[in-house]
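Inside the fold
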Amino acid sequence: MEPKITSYAGMLDQSDFKQWYKYVDFRIAYQYTVEEVSFLMSKPPYYFSDYEIISSASRLNNDDLDVLSDIFNGSTPKQLELGEDDFGHFEKRIIRVKRVEEAKQTGFAITIPWKIEKGPKQLSFLERKRRISISEIVEIRLRCEQAISKLIALGFFKQDRLALAIYREVEKRCRWSPQLRPLCVKQVLYQQINAGKLTLKMYLGRLHFRERGS
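In what follows, the accompanying structure is described. As the structure is a prediction and not an experimental result, all values here were calculated from the model. (Residues numbered from 1 in each chain as written. Predicted model: local features only at pLDDT ≥ 70, side-chain atom pairs only at ≥ 80, totals over all residues. Heavy atoms only, no water.)

1. Notes on the overall build of the chain
Rules: Numbering goes from the N terminus for both helices and strands, where a helix is a DSSP run of H or I of at least four residues and a strand is a run of E of at least two. Residue burial is assigned from relative accessible area. The probe radius is 1.4 Å, only protein chains are included, and a residue is buried under 20% of its type maximum, exposed over 50%, and partly exposed in between. Exposure was quantified through the Shrake-Rupley algorithm and a 1.4 Å probe, taking into account, for residues, occlusion by the shown protein chains and nothing else. We score Asp and Glu as negative and Lys and Arg as positive, and we do not count His or the chain ends. Charge positions are represented by NZ for Lys, CZ for Arg, CG for Asp and CD for Glu.
Along the chain, the regular secondary structure elements total seven helices and eight strands. Dimensions along the principal axes, computed over C-alpha positions, put the chain at roughly 60 × 40 × 30 Å. Counting every position in the chain, which comprises 214 residues, the buried fraction comes to 42%. Roughly 12,400 Å² of accessible area belongs to the chain as shown, and the carbon and sulfur atoms make up 50% of that amount. On the chain, the mean spot of the 36 positive side-chain charges and the mean spot of the 28 negative ones are 6 Å from each other.

Now the structure itself:
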């Protein structure tokens, strides 16, 4: 397959850029997709994607940062110290990203206007595509379905539940299988909604799952 090249840019100050760099790096290290991070944040599928492409309309609030800290709990950010900005620490500057998607991996080359005092000389990410067999997909899907059915039977969804809390419960019941992905949990939850067993509603800016009729 021919590499698919896309470019995007946005305006960030140094503090916001280091935050952006940290969370994109964490997402890739966990092998989560942008949709999966959005799901774990209990947000619509495009939410973290808009943040990652530095959309001017997307900015994380304090609640978002708290949730991301829980999602990536225990992760240590890469060291990154930037030189002083002649325009001031809080001056927004243009950040450019070139994304090259290939069959087995996606590379990100990042261009910033500041000098890097400590950290990698060239800022980049390399996201490798996950490799999983059909049989592994079928097995983890079945285990995920069993786990969520059990949670429904136990009354777990008698109260509103956020996606991250659900995912943590499923993780335990799947014995922290490395094959389990947030997308699998999301798909099974929506399957239960279509079956009339769960409902989904937006409340205080977060998507909540609840047992129908409770």
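From this point on, the discussion continues.
2. Some thoughts on the environment of S149
Defined as follows: Polar contacts, as used here, are pairs of N or O atoms within 3.5 Å; protein pairs need one atom able to donate a hydrogen and one able to accept it. Residues neighboring in sequence count only if both atoms are side-chain atoms.
Topologically, S149 is positioned in helix 5 (residues 134–153). Looking at S149, the relative accessible area reads 36%, which means it is partly exposed. As a C-alpha pair, S149 and L189 span 40 residues in sequence and 9.6 Å in three-dimensional space. At 2.9 Å, the side chain of S149 and the backbone oxygen of E145 are in polar contact.

3. Side note on the packing of aromatic side chains
Rules: Pairing of aromatic rings covers Phe, Tyr and Trp, the last through its six-membered ring, and needs centres within 6.5 Å; plane angles under 30 degrees mean stacked, over 60 mean edge-to-face, and all others mean tilted. A ring is considered to have a charge above it if a Lys NZ or an Arg CZ atom is located within 6 Å of its centre and within 35 degrees of its normal.
Applying the stated criterion across every chain, the model contains 15 aromatic pairs. Each ring, one from Y32 and one from F72, has its centre 6.3 Å from the other, and the planes form 35 degrees; the classification is tilted. Of this pair, Y32 sits in the loop between helix 1 (14–29) and helix 2 (34–40) while F72 is found in the loop between helix 4 (62–71) and strand 2 (81–82), placing the two residues 40 residues apart along the sequence. Ring plane angle 85 degrees and centroid distance 6.2 Å describe the contact between Y190 and F209, whose orientation is recorded as edge-to-face. You can see Y190 sitting in helix 7 (residues 182–194) and its partner F209 sitting in strand 8 (residues 206–211), a full 19 residues away along the chain. Looking at Y190, the relative accessible area reads 32%, which means it is partly exposed. Linked through ring pairs, F17, W20, Y21, F108, W114 and F125 together constitute an aromatic cluster. Over the face of the ring belonging to Y47 we find K43, whose NZ or CZ atom lies 4.8 Å from the ring centre. The ring of Y203 has K201 sitting right over it, with the charged end atom 5.9 Å from the ring centre.

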